[in-house]
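Residue-level structure breakdown
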Amino acid sequence: MEKKEETNSNYNFTLFGEPVIKTLCQRDAFMYGICGGVIAGLVGFLFTSSGRKATRTGVLTWIAITTGLACKCTYKELQMRREARLLKKIMYEMSAQPNTKDANSDDSLGKLESI
């Protein structure tokens, strides 16, 4: 009998090309969206006493909160990656130069301040 090895990568839900559960803030976005949708649905039901309107309110609130927070989280993560790439590039350029000047020279500080 042969056993198939299942990989978790086939079951990951991706958003903007990244697995959703990979970062903590995206998990938080889903949790906040779910909680906000449930609360909005319950409050909507208290005010309207209509299950259909309350359900629509809850689902729309869930979609809005989850999408907004997930986009914000993804933007921050992409910005952080860009800054890390830039810092790595600067560090590589500084290490590739011969050490003719002092490490605390104005030239090396000028590169970092120009960013």
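Relevant structure appears above.
Residues numbered from 1 in each chain as written. Predicted model: local features only at pLDDT ≥ 70, side-chain atom pairs only at ≥ 80, totals over all residues. Heavy atoms only, no water.

So, about the state of the cysteines. Taken as a whole and assessed by the stated rule, the structure comprises one disulfide. Here Cys71 stays unpaired: no disulfide links it, and the sulfur of Cys73, its closest cysteine neighbor, is 9.8 Å away. Given the relative accessible area of 32%, Cys71 is considered partly exposed. (Disulfide = S-S within 2.5 Å. Buried < 20%, exposed > 50% of the residue type's maximum accessible area, 1.4 Å probe, protein only.)

What follows deals with a nonpolar patch on the surface. Residues Met31, Ile34, Val38, Leu42, Val59, Leu60, Trp62 and Ile63 make up a contiguous nonpolar surface patch of about 750 Å² in total accessible area. Along the chain, the position of Leu42 falls in helix α1 (residues 24-48). Leu42 gets classed as exposed once you look at its relative accessible area, which sits at 55%. (Patch = residues over 30% accessible without salt bridge, like charges linked within 9 Å, V, L, I, M, F, W, Y side chains within 5 Å. Areas by Shrake-Rupley, 256 points an atom, 1.4 Å probe, with all protein chains shown as cover. Salt bridge = Lys/Arg side-chain N within 4 Å of Asp/Glu carboxyl O. Helix = DSSP H or I, 4+ residues; strand = E, 2+ residues; numbered from the N terminus.)

Time to look at the environment of Trp62. With respect to the helices, strands and loops of the structure, Trp62 is situated in helix α2 (residues 51-96). On the basis of relative accessibility, which here comes to 35%, the residue Trp62 falls in the partly exposed class. Residues Trp62 and Ala40, spaced 22 residues apart in sequence, show a C-alpha to C-alpha distance of 8.6 Å. Apart from the residues within four sequence positions on either side, Trp62 is in contact with Gly33, Ile34 and Gly37. (Contact = heavy atoms within 4.5 Å.)

These figures come from the coordinates and say nothing about function on their own.
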